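Per-entry structural report
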Amino acid sequence: MTILLEIKGLTKKYNAGTVALDGIDLQVKSKEFIAVIGPSGAGKSTLLRCINRLVEPTSGSIDFLGQRVEKANSRDLRHVRSQIGMIFQHYNLVSRLSVLENVLHGRLGYMSSIAGVFNRYSEEDKKKAIALLHKVGLENEVYKRADELSGGQKQRVGVCRALAQQPQLILADEPIASLDPKSSAVVMDAIHRNCTEQGIACLVNLHQVEVAKQYASRIIGIKNGKMVFDGPPEALTDYHAALIYEGKESQMYQQQVAEEQPNPTGRKYA
Amino acid sequence: MNRAEMLARQRKAKRLLSLLLFVAATLFSVWFIEFDIMEFLSGIPLFLNFLFVDFMPPNLDDLSKYLQPVLDTLAFGVVATVLSSVIALIIAFLMAHNTSPHPVVRVVLRSIISFIRNVPFLVWAAILVVLFGVGTMPGIFALILLGIGFLSRLYAESIEEIDKHAVEAVEATGATYLQKLRQAIIPQFMPGYISWTLFMFEITIRASAILGIVGAGGIGSQIKLTMDLFQYSSTATVVVIMIIMILVVEYVTQRIRERLL
Amino acid sequence: MKIPISHKATKRNQRLFFLVMIVLFVPCLFYLNLSATQFAEGIARIPDIAKQFLQISLDDLPKLLTELLTSVIIAFLSVVISVIVALLLSFVIADTTAPNRHVAKVLRVIVVVIRTIPTTIWVLLAVASMGFGSMAGVLGLLFPTTSFLIKSFTAQIDEAGKDSVEAIRALGGTWWHVVCNGAIPTLYTTFLALIAFNFEMTVAETVILGMVGAGGIGVLLQEYISYYEFAPLLMGILVVFITLFLLEMMTNQIRKRLNSQAR
């Protein structure tokens, strides 16, 4: 198995002085399905966002398929990002566009700037995008507007968008934290099945230990910006879990819906 | 004396002080502009008398003569709205902090727009009349300036208020700046764009009343003209026409908003 | 056959909007018949006039500031009077507190008509009736400011005041009880914000209304323009700009603070 991603000494300090990540070392091999667990505020989300530089790392190195991500110029960064799919807690769909258009956004990284501006997606891409939507059970929603869907449906669109990139790696940031248990299972199944079938490596942030154990081939525990556990799911004992979630035990099992809802109006004054 | 009582007393004192300040300001104002209250009060019935006796009934004899100014005003509105919306759109994207290519561009544009907006429209119109002479041209340009000042700011605010999450997601797929603009920002900004542009059209109709006064064309010039000639019953007609125009335009834009958004 | 990708209704509506814009724009542009030579001549005049503008002179500054104060005072007095009138009338008009429905309806229509007529025209009318000067300015502004305040006050009373008004009604309070003990205390801060906003608008308007004879700094500006005195005109414009800019920032602050209080 080849090494896909290699992170060394990754540190992120925010302007306010809080240290979100403190010297993370991590290797991801191809086809691995890694669950990143830890309480909210541990730095899981920052870790994922540093990998494709939605958040600029403070120090450390990130090597993705031989490309130094933290030093990449905008063209190289674009190339890296096009090979890394991302799934978000709040789905992050463009609400006034159709479901299909949202999925096709996954192809933008492979197109010229102008082609992307004028919606010149190839027929091939469109067919593939529609096939993806069929596969996750959204065949009747292809031409609906994204804001007409339910939460679980939106997240499946989010999964399709990431898959449309035909990525080497998928980063999923709390993909089921805003969903009810039933939709959660559908979404996690969709992510897991597609990644396994297509040999895509996946890093998924979760705070529910049970879900992590159910799907992951490897589990990483993060606490206060440091990695405190790294091993197969069988090795994660209740003792370890308790250690990772020390002081925040209630988050281990709970659905964390209320806490991280996006600001519904999206207004800046909130 | 306990704390609660002291706080209450403090609040009372504060309130008394602001009241005194307010009264002093009012008295000073009345003194400064030599405001004669008796004359003012007796002026009100005179004014109402003026409105209802001198103006009534509206002179409806030569309605056709007002068709031209009405069309002028509407054409002014359309041309000024379209042109200023195009210009303001570009400025807004360069000015909104989530789409601005560079902070310096943003600050410079913001200052310019703020200047355009805070110099009164009538002053702009008057200067443009000096520049281009009496006629439609200064009127159009004044309306365009008004539109740029007004729309750039509102567009930029709308752009800044759109959902950041979706933009982040499109960025994460490796999209370029232009792709991000077109695929994530513009679709979400459309409702704001349409709504404010329609609003701008309403404003141009109202503003054309002002334009006429400095000789920049539109229906306002008829108001000025008839009043200068003391043909108050004709003035009344023009004012009525204007009210109808404003109400109709407001109704139409409201309907369009309901259908589109 | 290309596979369509967009949401049909959204796309159609947006296309329609732009289509109508273009369809209206082109004939209107031709109708206005703008002359290119006039444009060119105007542009050619810019450097000359700009030169005259930039001969900065501070001679007229004291005069300008005095007249500016007059403008602000005209705005202040008309807002003060408007607030008194509007407070009285809006409780008569608002649905939740109206003592008589028919009176309320008639007043509502009158307010709408008054609001529709632009401020400039009100001032023109007042000047025609009272003669040039500050008093005509106050009188002319009274109508649009009062109608604006009435409209916003009644909306607030109907929206926010409902519960407290009903509570007092249930206790058997009189109309005066309802207004003084129910509605006014709950709406105090909102009203203040609206008044501040209205004051800003009114100052912006008084500054220019001098140009139609209502007193204040506008009179000076109009003189400068008609006598082509561009150097003091620039000073005047700057004074106006700074005033309006500061005012805008101030009301933004007030609004922000009131917003956070409300939250």
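Rules of the game
Residues numbered from 1 in each chain as written. Chains lettered and ligands numbered in written order. Predicted model: local features only at pLDDT ≥ 70, side-chain atom pairs only at ≥ 80, totals over all residues. Heavy atoms only, no water. Helix = DSSP H or I, 4+ residues; strand = E, 2+ residues; numbered from the N terminus. Rg over C-alpha atoms; globule rule 2.2 N^0.38 Å. Buried < 20%, exposed > 50% of the residue type's maximum accessible area, 1.4 Å probe, protein only. Contact = heavy atoms within 4.5 Å. Areas by Shrake-Rupley, 256 points an atom, 1.4 Å probe, with all protein chains shown as cover. Lys, Arg positive; Asp, Glu negative; His and termini not counted. Charge placed at Lys NZ, Arg CZ, Asp CG, Glu CD. Pairing = 2+ DSSP bridges. Buried area = accessible area lost by both parts, 1.4 Å probe. Salt bridge = Lys/Arg side-chain N within 4 Å of Asp/Glu carboxyl O. Polar contact = N/O pair within 3.5 Å; in protein donor to acceptor, adjacent residues only side chain to side chain. UniProt positions renumbered as here; feature names shortened; annotations may be inferred. Axes fitted to C-alpha atoms, helices over the stretch in contact; angles between N-to-C directions.

- Going by an unreviewed UniProt entry, chain C carries the name ABC transporter permease subunit and comes from Cohnella thailandensis.

- An unreviewed UniProt entry annotates chain A as Phosphonate ABC transporter ATP-binding protein originating from Cohnella thailandensis.

**Observations regarding the overall build of chain A**
- Along chain A, the regular secondary structure elements total 9 helices and 10 strands.
- Taken against the 2.2 N^0.38 rule, which gives 18 Å for 270 residues, the C-alpha radius of gyration of chain A at 18 Å falls within 12% of a compact globule.
- Projected onto its principal axes, the C-alpha coordinates of chain A cover approximately 50 × 45 × 40 Å.
- Every one of the 270 residues in chain A was classed for burial, and the buried ones make up 57%.
- If you take every contact in chain A between residues at least 6 apart in sequence, the share linking residues at least 24 apart comes to 71%.
- With the model as given, the accessible surface of chain A reaches about 11400 Å², and the carbon-plus-sulfur share is 50%.
- For chain A, the distance from the average site of its 34 positive side-chain charges to the average site of its 29 negative ones is 6 Å.

**Re the pairing of strand β3 (residues 33-37) of chain A**
Residues and elements named next belong to chain A.
- Most of β3 is tucked away, with 5 of its 5 residues classed as buried.
- By the alternation rule, side chains of β3 split into Phe33, Ala35 and Ile37 and Ile34 and Val36, which are all buried.
- Where β3 and strand β9 (residues 218-223) come together, 4 bridges link them in parallel fashion. By the bridge assignment for β9, Ile34 is matched with Arg218.

**Considerations on the interface of chain B and chain C**
- The interface is formed by 68 residues belonging to chain B together with 67 residues belonging to chain C.
- Taken together, the two surfaces of chain B and chain C that pack against each other cover about 6000 Å², and 82% of this comes from carbon and sulfur.
- Broken down residue by residue, the surface that chain B buries against chain C is led by Phe47(B), Asn118(B) and Leu131(B), which jointly contribute 11%.
- At the junction of chain B and chain C, the tally comes to 1 salt bridge.
- The salt bridge partner of Arg117(B) is Glu248(C), with a shortest N-O separation of 3.1 Å.
- At the junction of chain B and chain C, the tally comes to 3 residue pairs in polar contact (both at pLDDT 80 or more).

**Regarding the pattern of salt bridges**
All names here are of chain B.
- Under the definition given, this model contains 21 salt bridges over all chains.
- With a shortest N-O distance of 2.9 Å, Arg110 and Glu160 are connected by a salt bridge. Here the residue Arg110 occupies a position in helix α4 (residues 103-118), and Glu160 occupies one in helix α6 (residues 136-161), the gap between them amounting to 50 residues.
- Assessed through its relative accessible area of 11%, Glu160 is described here as buried.

**Structural notes on the UniProt feature "transmembrane region" (unreviewed entry) in chain C**
- Taking the numbering used here, the UniProt-annotated feature "transmembrane region" (unreviewed entry) corresponds to residues 16-34, 68-94, 106-132, 175-196, 203-221 and 227-247 of chain C.
- End C-alpha atoms of residues 227-247 of chain C are separated by 30 Å, and the span's content is 86% helix alongside 0% strand.

**Some words on the pairing of β9(A)**
Residues and elements named next belong to chain A.
- In terms of burial, β9 is largely enclosed, as 5 of its 6 residues are buried.
- When β9 meets strand β10 (residues 226-231), the two strands line up antiparallel, connected through 5 bridges. Note that in β10 the partner of Lys223 across the bridge is Lys226.
- Between β9 and β10, which pair antiparallel and follow one another directly, the connecting turn spans 2 residues, one of which, Asn224, has a positive phi of 50 degrees.

**Comments concerning the sheet that holds β3(A)**
Residues and elements named next belong to chain A.
- Read from one edge of the open sheet, 6 strands run β6-β7-β8-β3-β9-β10, paired in mixed fashion. Looking at the sheet topology across the chains shown, the edges are occupied by β6 (84-87) and β10. Ignoring strand direction, the axes of neighbouring strands in this sheet form an average angle of 15 degrees.
- Examined bridge by bridge, strand β7 (residues 169-173) and strand β8 (residues 201-206) share 5 bridges and lie parallel to one another. Each residue of the ladder has a partner; that of Ile170, found in β8, is Cys202.
- Across the sheet, helix α1 (residues 44-51) lies against β3, β6, β7, β8 and β9, angled at about 150 degrees from β7, the strand it touches most.

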